[in-house]
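Overview (structure and organization)
Chain by chain, the residues run as shown.
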Amino acid sequence: MNNIQNVSRRGFLKGAVAAGTFVLGARLVPEPLWADILNDAPDLFQPGIFLSIASDGTITIVAHRSEMGCGSRTALPLVVADELDADWSKVKIDQAIGDAKYGDQDTDGSHSVRSFFDQMRQVGATGRVMLITAAARKWRVAEKECTTEPGFVVHKASARKLSYGELSAAAAKLRVPRKEDVPLKSRSEWRYIGKDNALFDLPDIVTGKATFGMDAKMPGMVYASIEHPPVLGQKIKSYDDKAALKVRGVKQTLTIETFKPPHHFQPLGGVAVIADDTWAAFQGRKALKVNWDTSPNAVYNSDQFRKTLESTARQPGKVVRNVGDVDAEFAKGGKIIEAEFYAPHLAHASMEPPVAVAEYRDGKVLAWAPTQSPQAVQETIASVLGVKKEDVTCHVTLLGGAFGRKSKPDQVAEAAVLSKQLGKPVKVVWTREDDIQFDFFHSVAAMYMKAAVGPDGKPTAWLQRTAYPPIGSTFDVNAKYADDEMGLGWNNLPFDIPNHRAENGPADAHVRIGWLRSVANIYHAFAIHSFADELANAANKDSVQYLLELIGPPRIVPLKAEPDEQEEQKRYPLDTARLRRVVEMVAEKSGWGKSPSGKGHGFGVAAHRAFLTYVATVVEVEVDEKGQVQIPNVWTAVDTGTVVAPDNVRNQIEGAANFGASLALLSEITVTNGVVNQSNFNDYELVRMNSAPKHTSVYIVESDAPPAGVGEPGVPPFAPAFYNAIHAATGKRIREMPLSKTQLV
Amino acid sequence: MIRFTVNGTERTYDGDPEMPLLWYLRDIAGFTGTKFGCGMSLCGACTVHQNGEAVRSCSVAMKELEGTSITTIEGISATGLHPVQKAWMEIKVPQCGYCQTGQIMQAIAFLRQNHNPSDQQIDEAMSGNLCRCGTYQRIRAAIHQAAKEMA
Ligand code: FES
Ligand code: FES
């Protein structure tokens, strides 16, 4: 069975599109599930629509993934357009609503291009072949005599050509060719893939026309601002809204029930102030008085919790990878080096705070939201309001940043809950304070590292332990151990060490824990690559040379894979040749070793593989006599396989250096008695232009390996490379994030 | 009644005099190119021009508008693009784009005062504008390019 479908021919779209429009769809549900889906949910077996060519020549390509600044809304349609041989400058992009037919729409894990590249090529190439067939039949010539140029089928021999619009009606009547009969372009034939194309939305962004979630509207909507329980899980005891109701523009107040654990993506609960505009809602809220019940999470103090985590990390934990026998090696009594590392909670703080508009009417919900996961919006609203998932329609706006926060649609559910109570559309706007205090926080983490080193300074045994409240706590109140986080730079150490063990210890969650750009890789890479540099120093070796020795000879690192990971592992084996290459490349480009470190000036290096992409970073720092730090340069080499949009890759990796600089230098969330202490950019600090790296240089390895992730992998190596540079400059080893916790002078 | 202009058009307002210009622009006048990021003059996403100077619209109350002229991103160039917007496009500055209208408004006001800025002057002028996606280096490059083009 072919997973590309000629939707126009099958009459799915009765009345929905103009006659003569050629429409192709694709099934993105994975093939192994087809049989089950056909039996259980035949509706889902209908293909998601991806491409339409109208008889006036308009080509519309559907973006089924969300755009939060990583470029997937441009990249995937661009791939379709290239294989179709469309004129990219004339293509329109339609953003898909949330719909299981589109398969996985959760735009996270840096996998839009890597998961859908082949499918999108197939959609475009199939369209092209069908347009050629249509033209060849019209001209009564052989298909192989025809070719295409952007927007046209061409018959060179007779100097004839027909536009795609002229051919759409004929193509709409054709059968979809077999996959074997659809040739894909060779790399050299690509017109757009691998070239520097701009983001589709660029002109709208610079003129202020782009529609973000903050800009979404529905006729007759009212505005809501919600006073959430300060401690996770608190319920309202009583509240006084007299003063709030006196605020000009405030209409009424409503309550939202506190979730029943596990909190999942449900609303936090609280008191909502409904008003004529955002400002009035904010003002009304300031005048509210709410008495809150107690919550078991009020015991949470992040300072004390740090001690608990650190002692957990010192104890043996669950073994997640074991090679050789570290204990036997440690017992031999050679030179032992130990170190501990700590990283705090972080908030996502995307520039656009959480926001959504929703309308409940007659058992159905319509929502507009800046969401990474419109299907999670459907599921969450369905479960909170007891409606059918299919009765929730979620439109996706542009996202003003997301970084993982906007995979969780609690604020969209809030809007739906309020709309149901009010009988009109509601726009819920979170303040920055709401955003910082009620995030799904990046987890605190403690790591313990221990190595035995031989006479050559190389480790003969390497033990690493980590402990943190797991993301699984969002879905299961009893979750204590990490799960998927282990694959994020912990159970796949790419070093050539005969004895190695990686462990994970248990921890409880007292705030909502979520994934933040590169997730557990952040603290894992921090500990591993700071420790590696520490060993290099102990051995009196150059950090780059030592890192290459640790990585060892080019080879495929044998890793365990769960059944559902095997396919990916076959396609993307952990290849140390590629890791070595980015290290060598970044060393060369940065002029590593040419200018000496010390006296307040230093260079540091780290290399990490995340989301199947190999990244090596060198950071240069200058530290003045007052301990003020500047970052004159960051050099990054990246091997992400086949690249669809190279300039966008550069932009993402530059951005990752800035994101990395924020968390390495400044950002920290702390909690006292269950309440988050930070609230806005005055106390949750991010780098600004005067504290960010001055220059960021990105080097992309040319590769025809399958595409890998881009949005996240630039982040993890930054912090350790930066701290290693601080050590080179000052002799101070940084064992705690962010840098502002350590006095440099 | 408060009288002022937005993008050259006369306007009057008699609502809550304490309402920040930001929310008037966004919720009442419909100029949504001006963004909300912090509400406390900490991020610059809401930057507009008041009598040609960059201000944070989240921190300018409506009562302060009497007789002044406000320009938002929508009023920068009705046809085509301002050199700063052009430079932004050529250098492909934006990622998510949410902070960028504020960045552009800040840059335009700055370049009116400084036609040939140094890196350091740019850094100082732009440090009130956050970009969580991290496009600072491109913003600096685009400002240099726009300065050249406008010279
Ligand atoms: S919203 Fe005005 S400076 Fe942030
Ligand atoms: S481009 Fe996303 S915040 Fe600046």
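Structure report, in brief. Please read these numbers as outputs of a predicted model, since none were measured by experiment.

Reading the values: the criteria
- Residues numbered from 1 in each chain as written.
- Chains lettered and ligands numbered in written order.
- Predicted model: local features only at pLDDT ≥ 70, side-chain atom pairs only at ≥ 80, totals over all residues.
- Heavy atoms only, no water.
- Helix = DSSP H or I, 4+ residues; strand = E, 2+ residues; numbered from the N terminus.
- Rg over C-alpha atoms; globule rule 2.2 N^0.38 Å.
- Buried < 20%, exposed > 50% of the residue type's maximum accessible area, 1.4 Å probe, protein only.
- Pairing = 2+ DSSP bridges.
- Right-handed = clockwise from strand over helix to strand, strands pointing away.
- Expected span 1.5 Å × (residues − 1).
- Axes fitted to C-alpha atoms, helices over the stretch in contact; angles between N-to-C directions.
- Contact = heavy atoms within 4.5 Å.
- Parallel < 35°, antiparallel > 145°, perpendicular 65-115°, else oblique.
- 1 Å grid on protein atoms, 1.4 Å probe; cavity = no way out; pocket = protein on both sides within 12 Å on 5 of 7 lines; lining within 4 Å.
- Points joined across faces, edges and corners; volume = space filled by probe spheres on them.

Scanning chain A for helices and strands turns up 19 helices and 28 strands. A compact globule built from 745 residues should have a C-alpha radius of gyration of about 27 Å, and chain A, at 27 Å, falls within 12% of that. Along the first, second and third principal axes, the C-alpha set of chain A runs to 80 × 70 × 50 Å. Taking all 745 residues of chain A together, 64% fall into the buried category.

A few words now on the pairing of strand β4 (residues 59-63) of chain A. All names here are of chain A. When you tally the buried positions in β4, you get five out of five residues, the bulk of the element. Alternating positions in β4 separate into two faces, Ile-59, Ile-61 and Ala-63 on one and Thr-60 and Val-62 on the other, with burial throughout. Bridging between strand β3 (residues 48-53) and β4 involves three bridges; their strand directions are antiparallel. Directly across from Ile-53, in β4, lies its bridge partner Ile-59. What sits between β3 and β4 in their antiparallel hairpin is a turn of five residues, with Gly-57 showing a positive phi close to 90°. On the question of chirality, the crossover connecting β4 to the parallel strand β5 (residues 91-95) by way of helix α3 (residues 72-84) is right-handed.

Before going further, it helps to spend a moment on helix α3 (residues 100-113) of chain B. Residue and element names in this part refer to chain B. With 14 residues, α3 should cover 20 Å at 1.5 Å per step; its first-to-last C-alpha distance of 20 Å lies within 8% of that length. Here α3 lies mainly inside the structure; twelve of its 14 residues are buried. Taken residue by residue, α3 has Gln-100, Thr-101, Gly-102, Gln-103, Ile-104, Met-105, Gln-106, Ala-107, Ile-108, Ala-109, Phe-110 and Leu-111 as its buried positions.

What follows deals with the sheet that holds strand β14 (residues 318-323) of chain A. Strand pairing within a sheet occurs via backbone hydrogen bonds; the two strands may be parallel or antiparallel. All names here are of chain A. Reading across from one edge, β14-β22-β21-β20-β15 is the order of the five strands in this open sheet, with mixed pairing throughout. The two strands at the open ends of the sheet, each matched to only one other strand, are β14 and β15 (335-343). Averaged over all adjacent pairs, the angle separating strand axes in this sheet is 10°, with direction ignored. Strand direction decides the pairing type here: strand β21 (residues 459-467) and strand β22 (residues 499-505), joined by seven bridges, are parallel. Note that in β22 the partner of Ala-461 across the bridge is Asn-499. The strands touched by helix α14 (residues 521-538) are β15, β20 (445-453) and β21; relative to β15, the strand with the most contacts, the crossing angle is about 145°.

Moving on, we get to unusual backbone geometry. Residue and element names in this part refer to chain A. In this structure, the amide linkage connecting Pro-261 to the following residue, Pro-262, adopts the cis form with an omega of -5°. Mapped onto the secondary structure, Pro-262 falls in the loop between β11 (250-256) and β12 (270-275). In this model, Phe-403 sits at a positive phi of 60°, which is unusual for a non-glycine residue. By the element assignment, Phe-403 lies in the loop between β18 (392-396) and α12 (410-422). One non-glycine residue, Leu-612, lies in positive phi territory at about 70°. Relative accessible area serves as the criterion here: at 10%, Leu-612 is assigned to the buried category.

Attention now moves to the packing of helix α4 (residues 112-139) of chain A against helix α5 (residues 164-172) of chain A. Residues and elements named next belong to chain A. Between α4 and α5, whose axes approach to 9 Å, the crossing angle comes to 90°. One way to sum up the angle between α4 and α5 is to call them roughly perpendicular. Here Arg-128, Met-130, Leu-131, Ala-134, Ala-135 and Lys-138 of α4 lie close against α5, whose contacting residues are Tyr-164, Glu-166, Leu-167, Ala-170 and Ala-171.

Another aspect to go through is the sheet that holds β4 of chain A. Residue and element names in this part refer to chain A. Strand order in the open sheet formed by five strands is β1-β2-β3-β4-β5, and the pairing between neighbours is mixed. With one partner strand each, in any of the chains shown, β1 (4-6) and β5 form the two edges of the open sheet. On average, each strand axis in the sheet is tilted by 25° relative to the strand beside it, whichever way the strands run. Pairing of strand β2 (residues 22-26) with β3 involves five bridges; the strand directions are antiparallel. If you follow Leu-24 over to β3, its bridge partner there is Leu-51. Against the sheet, α4 engages β1, β2 and β3, with an angle of about 150° to β2.

Tallied over the entire structure, the rule returns nine cavities of 30 Å³ or more. Of the voids in this model, the largest cavity is the one considered here, and its volume is about 490 Å³. If you trace the largest cavity, you find 40 residues lining it, with Cys-70, Ser-110, His-111, Val-710 and Gly-711 of chain A closest to the centre. Listed by contribution, the elements that provide at least two residues to the lining of the largest cavity are α3, α4 and α18 (646-665) of chain A. Here the second largest cavity defines a volume of roughly 130 Å³. Along its surface, the second largest cavity is lined by 14 residues, and Asn-197, Ala-198, Leu-199 and Asn-648 of chain A together with Lys-92 of chain B are the ones closest to its centre.

Function cannot be inferred from these measures alone, as they are strictly geometric.
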